[in-house]
Structure formats: C-alpha cells, structure tokens
Amino acid sequence: MAEGAAEAPAESGGGGDSGAGAPERGVAPIKPQYLTTKEQFHEFLEAKGQEKPSQEIEAGDRSGNDLAEPEAKRIRLEDGQPGEAAEPGERRQVQKRARGQNKGRPHMKPTHYDKNRLCPSLVQESAAKCFFGDRCRFLHDVGLYLETKPSDLGPRCVLFETFGRCPYGVTCRFAGAHLGPEGQNLVQEERVQAPLVRNGLDKALQQQLRKRKVRFERAEQALRQLSKGHVPGPSPEATVPEVSGAKGAPLQDSGDAQQALPEPGAGALASSSVRTCGPLTDEDVVRLRPCEKRRLDISGKLYLAPLTTCGNLPFRRICKRFGADVTCGEMAVCTNLLQGQTSEWALLRRHPCEDVFGVQLEGAFPDTMTKCAELLNRTIEVDFVDINVGCPIDLVYKKGGGCALMNRAAKFQQIVRGMNQVLDVPLTVKIRTGVQERMNLAHRLLPELRDWGAALVTLHGRSREQRYTKLADWEYIAQCVTAASPMPLFGNGDILSYEDANRAMQTGVAGVMVARGALLKPWLFTEIKEQRHWDISSSERLAILQDFTHYGLEHWGSDTQGVEKTRRFLLEWLSFLCRYVPVGLLERLPQRINERPPYYVGRDYLETLMASQRAADWIRISEMLLGPVPPDFVFLPKHKANAYK
C-alpha cells in the first residue's frame, strides 16, 4: 500500500533506554539539556507548562522504562492481567510487536450524528417538498433543531468566507457567521463561486455503475486481443467504436450510459442522433496511438507519494504550498470505483493547485483494471494513472493485488498492456524490490515494464517482507536505474532531509518520491529546494495545522460530520508529526527517519505538547483548532505503531 500505511521501523527504538554515554541506536540524538523522563514529561504537560521539570536527572533515572518504547509497542499480554506475573518461558510466547492496523478499534459512527438531524430539504433551502414526505426520519422543525444543536465552534465560517455561501446553512458549526436575524442563510453575492475541486462523481453515472449499465468497448476489445495472445495496438476496427452490428444494437439504458460517459471517439459515430458543435477534427475520429500519448516529463521534480489515509486532498494542498511538484491521490480499489462507491470516488478529487496530478489504482485482474482505466479516462481529469504494485498488507496481497503482482507476471503484463491501450494519459507503476527479503525481482521486471508500455516506474527500496523496517536499499535502486533505461525511474525510501534527497539523486534516478518524510515534516519540500535545514517554530507548525483544518472544512464540510471527519484526519496526521524533532534540539543533523525521539522538553510549551506520544495530547491540539470533542468521541490511530499510551 502507499507509504501512509507505514508501520514504524523496527529499528527505530522508540526512545529506548538512554544512558549517559553515546546515543542509543535508533534514538534521535537530542541535546542533553532538553532530555527528561516519561513521568516528568507528562507532569509538565499536565501542569499546562507553568513550571519546567528538573533537568538534573541522574543517569540511573534514565534507565529502565523512563525513555523506553511505549508498552503497546514493546509487549502486549494477550490473556494475563496487568498485575499478573508470568514465567519467563510464557512471556516469550506472548510477546508480540504492535504492527499493522488497529483492527480492533471501534468503527461505529458516533451516535450524535443521527440525533435530531435536520432534513436535507431544509438545509439546502429547497423550494420543493421533502422527497420522503411523511416517512422522513429527519427533523422539519428548524426551531427545535436549533434548541438541541451544540454551540458554535467559532465566529468565522471558512466556507462562507471562501465561497460567499455556506451550503450547510443552520447545520454549520460556525453558523453564527452567516445566519440572519430570522435564521436565514446569508449570501455574499459578490464572492459566490462554485467549488473548485474537480473529478467528482456524477449522480447519473453512479446509478448506471450500480446497475451495471455502462459499456466498456475499448476495454473489452483490448481484453479480447490479450486473451488471444495478441499485443493490443491500434487497428482499423479500433479507430471507430462499434455502435451496432450482428451482435445487436445497444439497449436504451446502455445508450444512456454512453451519453453519461462520452467516448473520446464519440464524434465519429455515423448516427444522425449525434450532434456536433464546430468543425470535425482528427481528434474526434482517430484515437491516439501510444507514440502520440501525452508525455510525462517530471524528471528532477519532487513527487509526493500516494499516502493512504493521510494523503488526502487537504494534506496535498499543504505539501503543494511547501513545494511539492507532483501529487497523487490515495490508493483507490478498482472494483469499488466500478461499483460507484462514493467514498472511493472521493479519493480521485483534484484541487486546482495540483498542476501535475495522478490517481493510483489497485487491482488483481486485467478485466477490472482495464475497465476502470477506461472509465477514468472518460470521466476525470488527470495527468497520469499509477498502478499500485507495492502494497504489502495481507488484505490486498492474498487477493493477488499489490506486491503479489510481482510474482504473477502473466496477469501483470495483461494489466499494464490493457490499461495502456485504453488510456490517453501516461501509465506509471509503483513497485518494491521484491516480495521476499534478499530475493530482488525489480531488476528483472523493469525492462519488461518498459516494453509493456509503462511511462515511468517508482521503486521503493524495500521488499514486501521488510514492509517499512530496516533502511531502503538505494544501492539496489542504483542498479535498477541501468536496467530501466531509457525509461525514467524514481526512487523512494527514507527521504527526510535535503542531504537524503541529494544522496538519492546521485544514484542516477530521474527523481525522488517523498512519503513518510512529508508526514513528519511537510516543509521538507522547501528544505530540499532551498538546500537548508529549517528550524521551524512551534507557532509556525500550529499555523500549518490551522490551514489543514481550514482546507479540511472546505473539503469535508462544516457541519458536525465534516468537523469530526476533519478532526479524525488531523489526529491521524498528528500521530506522525509527533516523531519530528526540531532542528535546534538535535546534537547531530539531520534527523534520520528510523530514529524515534526520546522524551524531551521543547523550547516552549507548544513545542513540548507537539512532541507528545499520547493520543490524549493530540486531541488537545485538535481542540485548539476545532473546539471541544463530542462526549462520545473515541480515537485510536489506524496504525498500531502510532498507538502510544
């Protein structure tokens, strides 16, 4: 999966036992005057920063569990009580490193979402009556709703200030900024503008996808050629899409689907029902040949990796502001897209600031991947489409997707060739070194990917078995550059400073992809471009988080659900941000990505709070930006490596 789903490196140490001597391996080297113990660190935060803990700590006090890795990461007793003593042999059997996802975390929707919800017809101030009539389960009494509605979270509404109108009306948690004296939703006519985000899912298209009434003629033709062992390519039959023939004319519903999904060559249909505006050009008749495809020229540019969960649109806007050149949406599952799932299509949305943008697809079979590629080629605006062949998690791997495709060469070839045939934009691939450790496959696959039609490949310097442990193998990436030539190869792994990026570029790669480094410090792109270390202050970091919440409210909404969704993604990001150590506190520059910080007191209270490894303190930061959490709010990070106690 994308890097955002990363587990903590096993070598990171988590701030383990710190002695008075040399820094421990895997622990960030922080200046002694800032070091403290776990107990004093939390006492300092609980005291609201009124008094600093004593820095005169004996070396013996820093041993044991004071700076140790959090208990959830070190060991978990599965059956025993906390106070029970276990035999040494038994303890070895129940030891388990916290890795992967927190599958046991609660997934239920907070109950307050459905209590006293106002009918959408009233929220949107629709002139028409409620569609559900007497069967509607929502409130139709605005006065009663306002009596039970929680108090506003602030005096300013981001949507009202940005777009001139807040579509959430009285349900907005900042409604005081745009409600009139009689409860009407105010509008700033001179500032009204439509949302700028592109690649939304049309309702008509969604219904036809759910009813399976969309036809994929180009995909089916490419799949037929692949099944016969022929390499897909332009042919006389492929120049003009079929409309009717011996197989029968399309059904009326299918015709509607074609209307909702305009084929690039639809202007060439020999039918009087097809109307054209303006002159008929070659683009309306002849499909692009592979050699005529738009080229993807991003050599030397900084590429933000597709980060699962954390690589959402508001986060990408933050990274673009700091200098990211190329962005990619979160990994989307092709079968979910073909079924018209709203949540999956939301991963494809693109903000206008994303000038070079792509989407990443995951799938295991040529038919679904090729059809999905054709669907996206018709309906959304992207500069490239990427295939995820690097996802290491079992859920994807056991179904034959992600890293498993590296061992399924026949299916892999059909996927790449089929998608390349139906796409009018370049096709890229993201892979790992291999499936098993010390059994590299990438150097053999790269020449084949070049021949199959891939425009660019990104290589993550770890195997599936390694996941995110140990360091990325940049020596092997350097060898793969020669194997991939002349196809450009991007390198990925362990980029957390401009020195790391410079060393990576010396291997001969066309560019670097930044993943977890952007989660730890999104200003990394600025550091790389300006070739400097940025000792960013805590107030500047809080301003970045404030911008993220504003972007999140624009993207997910300013009602209760939108605010809490913004908070959830903010907390997921904070679970990575706490690993960052400010430049001014380090004994040695730069911080390495496999080094976890020990407990330390920052230069001010906010800097110390941002270094906390407890979810309760992350929630406290979110309350500074989004107001108090609801009474039934529960948060556990998606990744166990971030689930500190």
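Treat the numbers as computed from the prediction; the structure is a model and nothing was measured. (Residues numbered from 1 in each chain as written. Predicted model: local features only at pLDDT ≥ 70, side-chain atom pairs only at ≥ 80, totals over all residues. Heavy atoms only, no water.)

Trainee: I'd like a description of the packing of aromatic side chains, backed by residues and values.
Mentor: Summed over all chains, the structure comprises ten aromatic pairs. For the ring pair Phe44 and Tyr605, a centre distance of 6.1 Å and an interplane angle of 70 degrees mean the geometry is edge-to-face. Highlighted residues: Phe44 in helix H1 (residues 38-46) and Tyr605 in helix H25 (residues 605-610), separated in sequence by 561 residues. By relative accessible area, which is 4% here, Phe44 ends up buried. Here Tyr605 falls in the partly exposed class, since its relative accessible area comes to 22%. Considering the side-chain rings of Phe315 and Trp573, the 5.2 Å spacing of their centres and the 80 degrees angle between planes classify their relative orientation as edge-to-face. Of this pair, Phe315 sits in helix H12 (residues 313-321) while Trp573 sits in helix H24 (residues 560-577), and the two are 258 residues apart along the sequence. Judged by relative accessible area, Phe315 falls into the buried class, the value being 0%. Of the residues examined, Trp573 reaches a relative accessible area of 1% and is grouped as buried. A connected cluster of aromatic rings, assembled from ring pairs, spans Tyr303, Phe384 and Phe490. (Phe/Tyr/Trp six-rings, centres within 6.5 Å; stacked < 30°, edge-to-face > 60°. Helix = DSSP H or I, 4+ residues; strand = E, 2+ residues; numbered from the N terminus. Buried < 20%, exposed > 50% of the residue type's maximum accessible area, 1.4 Å probe, protein only.)

Trainee: Kindly report on the UniProt feature "zinc finger region: C3H1-type" (unreviewed entry) in the protein chain, identifying the contributing residues and their values.
Mentor: The residues that UniProt annotates with the feature "zinc finger region: C3H1-type" (unreviewed entry) are residues 113-143 and 151-181. End-to-end, the C-alpha atoms of residues 151-181 are 17 Å apart, and along that stretch the chain is 19% helix and 0% strand. (UniProt positions renumbered as here; feature names shortened; annotations may be inferred.)

Trainee: Let's hear about the pairing of strand E2 (residues 327-333): which residues, and what values?
Mentor: Burial analysis of E2 places six of its seven residues in the buried class, the great majority of the element. By the bridge criterion, five bridges tie E2 to strand E3 (residues 357-362) in an arrangement that is parallel. By the bridge assignment, Thr327 is partnered in E3 with Phe357. (Pairing = 2+ DSSP bridges.)

Trainee: I'd like a rundown of the environment of Cys119, residues and numbers included.
Mentor: Mapped onto the elements, Cys119 comes out in the loop between helix H3 (88-94) and helix H4 (120-123). The buried category is assigned to Cys119, whose relative accessible area is 2%. Remark: the alpha-carbon pair of Cys119 and Cys136, spanning 17 residues in sequence, is separated by 7.9 Å. Excluding its chain neighbours within four sequence positions, the residues that come into contact with Cys119 are Cys130, Cys136, Phe138, Leu139 and His140. (Contact = heavy atoms within 4.5 Å.)

Trainee: Describe the sheet that holds strand E7 (residues 489-492), listing the residues and the values that go with them.
Mentor: One open sheet accounts for eight strands, arranged E1-E8-E7-E6-E5-E4-E3-E2; its pairing is parallel. Edge positions in the open sheet fall to strand E1 (302-304) and E2, since each of these has one partner strand only. Sheet twist, expressed as the average angle between the axes of neighbouring strands with direction ignored, equals 25 degrees. With respect to the sheet, H12 is in contact with E1, E2 and E3, its orientation differing from that of E2 by roughly 160 degrees. In the packing of helix H15 (residues 366-379) onto the sheet, the strands contacted are E3 and strand E4 (384-389), and the crossing angle to E3 comes to about 155 degrees. (Axes fitted to C-alpha atoms, helices over the stretch in contact; angles between N-to-C directions.)

Trainee: Tell me about helix H8 (residues 217-227), residues and numbers included.
Mentor: Among the eleven residues that make up H8, eight are buried, leaving the element largely enclosed by the rest of the structure. Where H8 is concerned, the buried positions are Glu217, Arg218, Ala219, Gln221, Ala222, Leu223, Gln225 and Leu226. After H8 finishes, the residue Gly229 shows a positive phi value of roughly 85 degrees.

Trainee: Account for unusual backbone geometry, with residues named and values stated.
Mentor: Here Ser485 and Pro486 are connected by a cis peptide whose omega angle stands at 5 degrees. With respect to the secondary-structure elements, Pro486 resides in the loop between helix H19 (474-484) and E7. Of the consecutive residues Leu589 and Pro590, the connecting peptide bond is found in the cis state with omega at -5 degrees. Tracing the sequence through the fold places Pro590 in the loop between H24 and H25. Despite not being glycine, Thr309 has its phi angle at roughly 75 degrees, a positive value. Among the structural elements, Thr309 can be located in the loop between E1 and H12. One non-glycine residue with positive phi stands out, namely Arg438, at about 65 degrees. Within the fold, Arg438 resides in the loop between strand E5 (427-432) and helix H18 (442-452). Overall, the relative accessible area of 72% leaves Arg438 in the exposed class.

Trainee: Describe H12, listing the residues and the values that go with them.
Mentor: Here H12 lies mainly inside the structure; eight of its nine residues are buried. Those residues of H12 that fall on the buried side of the exposure criterion are Leu313, Pro314, Phe315, Arg316, Arg317, Ile318, Cys319 and Lys320. Of the residues flanking the start of H12, the one acting as N-cap is Asn312, its side-chain oxygen 3.1 Å from the backbone nitrogen of Phe315. In the stretch just after H12, Gly323 is the one whose phi turns positive, near 120 degrees. (Polar contact = N/O pair within 3.5 Å; in protein donor to acceptor, adjacent residues only side chain to side chain.)

Trainee: Break down the side chain of Thr526 for me, with residues and values.
Mentor: Relative to the assigned elements, Thr526 resides in helix H22 (residues 524-530). Within the structure, Thr526 has its side chain in polar contact with the backbone oxygen of Phe322 (distance 2.7 Å).

Trainee: Which residues make up the environment of Cys166, and what are the values?
Mentor: Note that Cys166 resides in the loop between helix H6 (158-163) and helix H7 (203-210). Its relative accessible area of 0% is what places Cys166 among the buried residues. Note: C-alpha distance between Cys166 and Asn185 (19 residues apart in sequence) is 7.8 Å. Not counting residues within four places of it along the chain, the set of residues in contact with Cys166 comprises Cys157, Leu159, Phe160, Cys172, His178, Asn185 and Ser558.

Trainee: Give a description of the side chain of Gln466 that names residues and reports values.
Mentor: For Gln466, the position within the fold is in the loop between strand E6 (456-460) and H19. In terms of polar contacts, Gln466 uses its side chain to reach the backbone amide nitrogen of Ser463, at 3.1 Å. Discounting chain neighbours no more than four positions away, the residues touching Gln466 are Glu437 and Leu471.

Trainee: Any chance you could break down the packing of H8 against helix H17 (residues 409-422) for me, citing the residues and the numbers?
Mentor: Geometrically, a packed helix pair is captured by the angle between its two axes and the distance between the axes. Across the interface, H8 lies against H17 with an axial gap of 9 Å and an inter-helix angle of 140 degrees. By the criterion of interaxial angle, the relationship of H8 to H17 is oblique. Between H8 and H17 lies a crossing whose hand is right-handed. Of the residues in H17, those in contact with Arg218, Ala219, Ala222 and Leu226 of H8 are Gln414, Arg417, Gly418, Gln421 and Val422. Partitioned by chemical class, the residues of the contact of H8 with H17 number four nonpolar, three polar and two charged. (Parallel < 35°, antiparallel > 145°, perpendicular 65-115°, else oblique. Left-handed = near helix turned anticlockwise from the far one by under 90°. Nonpolar A, V, L, I, M, F, W, Y, C, P; charged D, E, K, R; others polar.)

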